[in-house]
Amino acid sequence: MPDQPLSPASNVEPTDDALFEQYRNGDAAAFETLLARHQSALFGFLIRMAGDRALAEDLFQETWLRVVREAGRYRAEQKFSRWLFTIANRLAIDELRRRKRWRTVSVDDEDTALELPANGPSAADETERRQTLGRIEEALATMQPSLRQVFLLREHSGVSFKEIAAMTGAPLGTVLWRMSAALKHLRKELEADGMME
Amino acid sequence: MNCEQANETLTLDLYGEAGEADVAALKAHLAGCPACRRVAEATRAALVEFRRQPSSQPSRDTIEAVIEAAHRRPIFAGFFAQLRPVLWQAATVMAVALIVSVAIRFWPQTPVQHTTRVSPAAAQLAAETSWDDDSAALADRIQLARADVTIGSSLDNRITGLRDALSDLRAGSTSF
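A. View of helix α1 (residues 16-24) of chain A. All names here are of chain A. For α1, every residue scored as buried is listed here: D16, L19, F20, Y23 and R24. One face of α1 carries all of its buried residues, which in axial projection span an arc of 140°. Directly beyond the C-terminal end of α1, a positive phi value near 110° is found at G26.

Here's what the structure looks like:
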């Protein structure tokens, strides 16, 4: 008996829209898959936007609760990741404005609790990594909020600059300018500390 | 391409959003501009450093709270949530239809006013007629008015009736 060829569909992961549709039809496991797929990027965005882990946790939870509550309003043409980050971005900005905080990254805060690679770096590597980490976070903390917002959205959400313009309500040219300015700031901060040769 | 344009194109190129022609122009500019070339190299290095940072993860409690909320959601809530806008539209249409039908039903009806064309002579006769007028003069006026009225019309009949009534008055009859 000849071998049956594998069905192409069996090796293809379901899209975000397919998973969300399954969830809307009652498949809670599909939601967990979606959550696992996006949790790292989303949390990374929120913790760097908020500069505070506890706040980032709250915003993360609230973002997904909004996804659950507004599941019926989602339309496939919106693109799930864009919708997800639009909700998260709005929640983050609203909360930061309410707290009158835009940049309170605590470089020395041990509770930041970023995961380290499992294979364990050497002491020198870890010191260098922590120094680099500190400079990155400090660069973000000293970056203007509107620049940081665009930079983090592009880095973490993967949506295009055009989509970021729609999400933030800013013209595309403004978004590109902010991104260029954010990159310039990041570059200068790292160069100033001699982190780049 | 000048340096400012090169900087903007570089931003797009770093994220794969620059067009082929723009990328070619950028490369040509960088080949001839050491300052922009250093900026491009330093920017790429900064992004590499940024992306090397370990990823952050939410706590297990947070994840479990989210999953629990997702499981608590009613299975068919999504279906009804999608149906909600349709139901709202249908309810709005029905409400408008009900209001319109009630308005039509109870809208105050203005009485239809029938206009009757009256000749100038007949109109004058009607205005001047009174029981105190001299009966002969009244008869003359009736005759005049009759000339302006179409024979057989309702006004003609009325005038004929008046003439007959006048004759009866003369004869001492009061049957009208």
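B. Geometry of the nonpolar core. Residue and element names in this part refer to chain A. With 75 residues, the main nonpolar core has F20, L46, F60, W64, V67, F80 and F151 as its most contacted residues. Broken down by element, this core gets its largest block of residues, 11 residues, from helix α2 (residues 28-50). Apart from the residues within four sequence positions on either side, F20 is in contact with L34, V67, A71, Y74, F80 and W83.

C. The arrangement of unusual backbone geometry in detail. All names here are of chain A. You will see that K79, though not glycine, has its phi angle at about 75°, which is positive. Structurally, K79 is set in the loop between α3 (53-69) and α4 (80-99). We classify K79 as partly exposed; its relative accessible area is 35%.

D. The interface of chain A and chain B, seen in detail. Contacts between the two partners involve 47 residues from chain A and, on the opposite side, 38 residues from chain B. Interface area, chain A with chain B, both sides summed: about 3900 Å², of which 61% is carbon and sulfur. Connecting chain A to chain B are 2 salt bridges. When contributions to the side of chain A that touches chain B are tallied by element, the ones reaching two or more residues are α1, α2, α3, α5 (123-141), α6 (145-157) and α8 (172-192) of chain A. When residues in the side of chain A that touches chain B are grouped by element, the largest group, 10 residues, is from α2(A). When grouped by side-chain class, the residues that make up the side of chain A that touches chain B number 24 nonpolar, 11 polar and 12 charged.

E. Spotlight on the packing of helix α1 (residues 3-14) of chain B against helix α2 (residues 20-32) of chain B. All names here are of chain B. One can describe the packing of α1 onto α2 by two numbers: an axis separation of 10 Å at closest approach and a directional angle of 125°. When the interaxial angle is binned, α1 and α2 end up oblique. Regarding α1 and α2, the two cross each other, and that crossing is left-handed. Listed contacts from α2 to C3, A6, T9, L10 and D13 of α1 are D22, V23, L26 and H29. Along the lines of polarity and charge, the residues of the contact of α1 with α2 split into 5 nonpolar, 2 polar and 2 charged.

F. How the structure looks around the pattern of salt bridges. Residue and element names in this part refer to chain A. Within the structure shown, the criterion is met by 17 salt bridges over all chains. Note that R37 and D16 form a salt bridge whose closest N and O atoms lie 2.7 Å from each other. With a gap of 21 residues between them, R37 in helix α2 and D16 in helix α1 connect regions that are remote in the sequence. The exposure class assigned to D16 is buried, which follows from its relative accessible area of 16%. A salt bridge links R53 to E57, with the shortest nitrogen-to-oxygen separation between them at 3.5 Å.

G. Structural detail: a nonpolar patch on the surface. All names here are of chain B. Taken together, V96, V100 and I104 make up a surface patch of nonpolar side chains, about 280 Å² in accessible area. Structurally, the position occupied by V100 is in helix α5 (residues 77-106). Residue classification places V100 among the partly exposed residues on the basis of a relative accessible area of 44%.

How each quantity is defined
- Residues numbered from 1 in each chain as written.
- Chains lettered and ligands numbered in written order.
- Predicted model: local features only at pLDDT ≥ 70, side-chain atom pairs only at ≥ 80, totals over all residues.
- Heavy atoms only, no water.
- Buried < 20%, exposed > 50% of the residue type's maximum accessible area, 1.4 Å probe, protein only.
- Helix = DSSP H or I, 4+ residues; strand = E, 2+ residues; numbered from the N terminus.
- Arc of directions from axis to C-beta.
- Core = buried A, V, L, I, M, F, W, Y, C linked by side-chain atoms within 4.5 Å.
- Contact = heavy atoms within 4.5 Å.
- Buried area = accessible area lost by both parts, 1.4 Å probe.
- Salt bridge = Lys/Arg side-chain N within 4 Å of Asp/Glu carboxyl O.
- Nonpolar A, V, L, I, M, F, W, Y, C, P; charged D, E, K, R; others polar.
- Axes fitted to C-alpha atoms, helices over the stretch in contact; angles between N-to-C directions.
- Parallel < 35°, antiparallel > 145°, perpendicular 65-115°, else oblique.
- Left-handed = near helix turned anticlockwise from the far one by under 90°.
- Patch = residues over 30% accessible without salt bridge, like charges linked within 9 Å, V, L, I, M, F, W, Y side chains within 5 Å.
- Areas by Shrake-Rupley, 256 points an atom, 1.4 Å probe, with all protein chains shown as cover.

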